[in-house]
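Structural description and commentary
Listed here are the chains, written in short residue letters.
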Amino acid sequence: MLRSKLPDIKTSIFAVMTQMANENNAINLSQGFPDFQVSKKLIDLVEKYMKKGFNQYAPMQGVFELREQISKKTFELYNHKYNPDTEITITAGATQAIYTTINAFINEGDEVILFEPAYDSYLPAIRINGGQPVYVQLKAPEYKIDWNEIKRVISIRTKMIIINTPHNPSGAIFTEEDIMMLRKIVSGSKILILSDEVYEHIIFDGNKHQSLAKYPDLIKRSIIISSFGKTLHTTGWKIGYCMAPEKIMNEFRKVHQFTVFSVNTPIQYAISEYIEKEDEYMNLSSFYQEKRDYFISLVSNSKFKLIPSKGTYFQILDYSEISDEKDVEFAKRLVLEFGIASVPVSAFYHNHQDNKALRFCFAKSNKTLDKAAEKLLKIS
Ligand code: PMP
Ligand code: GLN
């Protein structure tokens, strides 16, 4: 008989809400993706490499030129040089890097600490590999980490801690103090850290991204994951990467080669040339800060309460003054009755905790945001 490995996992909320938005012709601020165009230069580069014949398998670990550019960018930004030969691997988006990391290192009974609300792909990957998730709650509305709670839950079985800054769905970010606490807590242990930094270039109000690549004592135990989907407005290309010390990366690659072997060749070449000449990702923060501020200004007169977003392209809106419906029900009603789609925040909790909050993606043209706000202002 068919016995499910993930009996209580359903279709991802991002797929569900996007499909619902499409079927109902609603404005889709649910799944996180931009609705504006990719740079023409970048598209031309993909075409150039396709026409030049770069259409066969890339090396298993990724195109060297791209790994070299990633190494350079990481050094310039965070002052640590990862060896492109041995310490960087190109993946099919951050999603595959996350799955492969957990698959490579988590064995039956290993405990993995994760913060909730948590991006949806961590938990199934832990479970399917026999790991034991250990949840620590981030306290709404600021979604700050209570480090005393981490101290309390760490055990000899703790194999990995998963962190995510800037944080999806809350938009919270790690401060220097958070990093200091993390360093203290793992010091002297064998704990690995999976650091999901896909929003590294989307951070607001002059704050600096706290990459673990800035801290030598954390580098030696960390797998840092990022994605070009966010940085180049190309979520559909599914090109991400991870960086880790050689010993860790060797184990990662053993699994990676049998998961995808390698990823899209011409796009890797195109991105490597593009990020060599362009430093567009350096302006992403101000680009998205403007979007955030525009969206906030549009909805500030609505009945929703705004939870401050310090990074990512998401804004949480609290609807507790509008309705006491469950967030999933409320989100569905907003699609059907008002024509606007969001993601209920309970989808980021293993027990579907309901904070009466919805996540909206503001990576959209101002025209889309105008239309969205028009609808949001009608909800009371
Ligand atoms: N981690 C986080 C926190 C994300 O928000 C996302 C997707 N937006 C991913 C990982 C997956 O990235 P990718 O689309 O490159 O697989
Ligand atoms: N990361 C995107 C989000 O948070 C969605 C990715 C996906 O659809 N799996 O909305």
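Predicted, not measured: the structure shown is a model, and the values here were computed from it.

Within the chain, the regular secondary structure consists of 14 helices and 13 strands. A compact globule built from 380 residues would reach a C-alpha radius of gyration of about 21 Å, and the chain, at 20 Å, matches this within 12%. Referenced to the eigenvectors of the C-alpha coordinate spread, the extents of the chain come out at roughly 55 × 55 × 55 Å. Counted over contacts in the chain with a minimum sequence separation of 6, partners at least 24 positions apart contribute 75%.

With twelve residues, helix α2 (residues 40-51) should cover 16 Å at 1.5 Å per step; its first-to-last C-alpha distance of 16 Å lies within 8% of that length. Listed in full, the buried residues belonging to α2 are L42, L45, V46 and Y49. Along the axis of α2, the buried residues cluster in a sector spanning 100°; they form a single face. Facing away from the buried side of α2, by more than 90 degrees, are the exposed residues K40 and K51. Considering only its buried residues, α2 is in contact with α11 (265-277). Where α2 starts, the residue carrying a side-chain oxygen 3.2 Å from the main-chain nitrogen of K41 turns out to be S39. Just beyond α2, the residue with positive phi is G53, at close to 100°.

Our next topic: the packing of aromatic side chains. All chains considered together, the criterion is met by 21 aromatic pairs. Arranged with centres 6.3 Å apart and planes meeting at 70°, the rings of F115 and W147 form a pair that is edge-to-face. Here W147 lies in helix α6 (residues 147-153) and F115 lies in strand β3 (residues 111-116), a separation of 32 residues in the sequence. Grouping residues by exposure puts F115 and W147 together as buried. Each member of the aromatic cluster is reached from another via a ring pair, and the members are F36, Y199, F287, Y288, Y313 and F314. Positioned over the ring face of F314 is R359, at 3.5 Å from the centre of the ring.

With that settled, the discussion passes to the pairing of strand β6 (residues 192-196). Of all five residues making up β6, five are buried, and the element is well covered by its neighbours. Where strand β5 (residues 158-164) meets β6, five bridges bridge the pair, whose relative direction is parallel. Along β6, the bridge assignment pairs I162 with L194. In this region the chain leaves β5, passes through helix α7 (residues 176-186) and returns to the parallel neighbour β6; the handedness of that crossover is right-handed. Judged from the four bridges that link them, β6 and strand β7 (residues 222-227) form a sheet pairing that is parallel. Among the inter-strand pairings, S195 is bridged to a residue of β7, identified as I224.

Here we come to the packing of helix α3 (residues 64-78) against α11. Between α3 and α11, the shortest axis-to-axis distance is 8 Å and the interhelical angle comes to 35°. Our pair here, α3 against α11, has a crossing hand that is left-handed. Facing E65, L66 and Q69 of α3, the residues of α11 in contact are Q268, Y269, I271, S272, I275 and E276. A per-class count over the contact of α3 with α11 returns four nonpolar, three polar and two charged.

With mixed pairing, seven strands are arranged side by side in an open sheet as β2-β8-β7-β6-β5-β3-β4. Taken across any chain shown, the strands that pair with only one partner, and hence form the sheet edges, are β2 (88-91) and β4 (132-137). Along the sheet, successive strands turn relative to each other by an average axial angle of 20°, direction set aside. Running over the sheet, helix α10 (residues 246-259) touches β2, β6, β7 and β8 (240-243) and is turned about 25° from β2.

Around ligand 2, the structure places F14, Q31, G32, Y119, N168, K230, F314 and R359. N168 places a polar side-chain atom, nitrogen or oxygen, 2.8 Å from an oxygen atom of ligand 2. For ligand 2, an oxygen atom lies 2.7 Å from a polar atom in the side chain of R359. Here ligand 2, which alone exposes 300 Å², has 80% of that area covered by the protein. The class makeup of the residues in the shell around ligand 2 is three nonpolar, three polar and two charged.

For the rest of this paragraph, the subject is the environment of F314. As for its position among the elements, F314 is in strand β10 (residues 314-318). Along the backbone, F314 and S195 are 119 residues apart, and their C-alpha atoms lie at a distance of 19 Å. If we ignore the near neighbours within four places in the chain, the residues touching F314 are G32, N168, P169, Y199, S309, R359, F360, C361 and F362.

Taken together, 13 residues lie around ligand 1, and T95, D196, Y199, S227 and K230 are the ones closest in. The element contributing the most residues to the shell around ligand 1 is helix α4 (residues 93-105), with four residues. For the shell around ligand 1, a count of residues per class yields five nonpolar, five polar and three charged.

About the thresholds
- Residues numbered from 1 in each chain as written.
- Chains lettered and ligands numbered in written order.
- Predicted model: local features only at pLDDT ≥ 70, side-chain atom pairs only at ≥ 80, totals over all residues.
- Heavy atoms only, no water.
- Helix = DSSP H or I, 4+ residues; strand = E, 2+ residues; numbered from the N terminus.
- Rg over C-alpha atoms; globule rule 2.2 N^0.38 Å.
- Contact = heavy atoms within 4.5 Å.
- Expected span 1.5 Å × (residues − 1).
- Buried < 20%, exposed > 50% of the residue type's maximum accessible area, 1.4 Å probe, protein only.
- Arc of directions from axis to C-beta.
- Polar contact = N/O pair within 3.5 Å; in protein donor to acceptor, adjacent residues only side chain to side chain.
- Phe/Tyr/Trp six-rings, centres within 6.5 Å; stacked < 30°, edge-to-face > 60°.
- Lys NZ or Arg CZ within 6 Å of the ring centre and 35° of its normal.
- Pairing = 2+ DSSP bridges.
- Right-handed = clockwise from strand over helix to strand, strands pointing away.
- Axes fitted to C-alpha atoms, helices over the stretch in contact; angles between N-to-C directions.
- Left-handed = near helix turned anticlockwise from the far one by under 90°.
- Nonpolar A, V, L, I, M, F, W, Y, C, P; charged D, E, K, R; others polar.
- Near = heavy atom within 4 Å.
- Areas by Shrake-Rupley, 256 points an atom, 1.4 Å probe, with all protein chains shown as cover.

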